[in-house]
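# Overview (structure and organization)
Chain by chain, the residues:
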Amino acid sequence: MSFEQYVRDNARDLLRYATALTCDPHPAQDIVQSVLLRAGQKWAGIEQLASPAAYVHRMVTNEFLSWRRRAVRTVSLPHGVIDAVVPPSADETDSVDQRQLVFEGIARLPRKQRAAVVLRYYANKSFAEIAGELACSEATARSHISRALAALRSDLPARAKEAL
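Residues numbered from 1 in each chain as written. Predicted model: local features only at pLDDT ≥ 70, side-chain atom pairs only at ≥ 80, totals over all residues. Heavy atoms only, no water.

## Considering the pattern of salt bridges
Put simply, the rule reads: A side-chain nitrogen of Lys or Arg and a carboxyl oxygen of Asp or Glu constitute a salt bridge if their distance falls within 4 Å. Only DSSP runs of H or I with at least four residues qualify as helices, and only runs of E with at least two residues qualify as strands; both kinds are numbered from the N terminus onward. Throughout, exposure labels follow a simple rule: accessible area from a 1.4 Å probe, protein chains only, divided by the maximum for the residue type, with under 20% read as buried, over 50% as exposed, and the rest as partly exposed.
Tallying each qualifying case throughout the model produces two salt bridges. Notably, a salt bridge pairs Arg38 with Glu63, separated by 3.1 Å at the nearest N-O pair. Highlighted residues: Arg38 in helix α2 (residues 25-41) and Glu63 in helix α4 (residues 52-65), separated in sequence by 25 residues. Between Arg142 and Glu138 there is a salt bridge whose closest N-O contact spans 3.4 Å. Note that Arg142 and Glu138 are positioned in helix α9 (residues 138-155) at a spacing of four residues, about one turn of the helix. For Glu138, a relative accessible area of 36% translates into the label partly exposed.

## Overview of the side chain of His57
Test applied: Working rule for contacts: check all heavy atoms of both residues, and any pair within 4.5 Å makes them a contact.
Among the structural elements, His57 can be located in helix α4. Residue contacts for His57: discarding those within four places in its chain leaves Leu14, Tyr17, Leu119, Lys125 and Glu133.

## Quick look at α9
To keep it simple, the criterion reads: By definition here, a helix of n residues has an expected span of 1.5 Å times n minus one. Of all possible arcs, the one meant is that of the directions from the helix axis to the C-beta atoms.
For α9, which comprises 18 residues, the first-to-last C-alpha distance of 26 Å matches the rise-based estimate of 26 Å (1.5 Å per residue) to within 8%. All of the buried residues along α9 are Ala141, His144, Ile145, Ala148, Leu149 and Leu152. The buried residues of α9 occupy one face: seen down the axis, they fall within an arc of 120°. Turned more than 90 degrees away from the buried face of α9 sit Ala139, Arg147 and Ser154, all of them exposed.

## Considerations on the layout of surface pockets
For clarity, the threshold we go by: Think of a 1 Å grid over just the protein atoms. A cavity is a set of points where a 1.4 Å probe fits yet cannot get out, a pocket is an open set with protein on both sides within 12 Å along at least five of seven lines, and lining residues have an atom within 4 Å of a point. Grid points are joined across faces, edges and corners, and a volume is the space filled by probe spheres set on the points. When residues are sorted by character, Ala, Val, Leu, Ile, Met, Phe, Trp, Tyr, Cys and Pro go into the nonpolar class, Asp, Glu, Lys and Arg into the charged class, and all the rest, Gly among them, into the polar class.
Considered as a void within the structure, the second largest pocket measures approximately 200 Å³ in volume. Along the walls of the second largest pocket sit Tyr6, Asn10, Asp13, Leu14, Arg16, Tyr17, Ala53, His57, Tyr122 and Ala123, which together make up its complete lining. Contributions of two or more residues to the lining of the second largest pocket are made by α1 (3-22) and α4. A per-element tally of the lining of the second largest pocket places α1 first, with six residues. Of the residues contributing to the lining of the second largest pocket, the split by class is six nonpolar, two polar and two charged.

Spelled out as structure tokens, the structure:
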């Protein structure tokens, strides 16, 4: 597959994933653009891998984790920001308020915890896959998710706890 075809088929998913990680579509665009520029330069080698898509997905995760521009810690994520990137399929959340509170809580998590939660609950990755993506042990990946969920549970008001 050519690099151009890969970008046509996967750019929207990468952008949606990066938006979930950053909780802001603008830095997400920067991350994806940076990754795609690097991937395009190395595409001849990347396309020979068993799973080029997984490799580029990992590049997005690594770019997010090493991102030097620090965003404001408390990000106010307006409803529909991720939806504006790519409309989601059915949303199981029963109220916009609960969804907003969950996104705000995720935005306040440390980067590795946020990445672990997004990989687990957005990208449906196993703990082993998360460990591989974050370059840590499986136990550490489980710990990141456990600590993140504990922080979210203690941070969110009682009415939003059911959304977790």
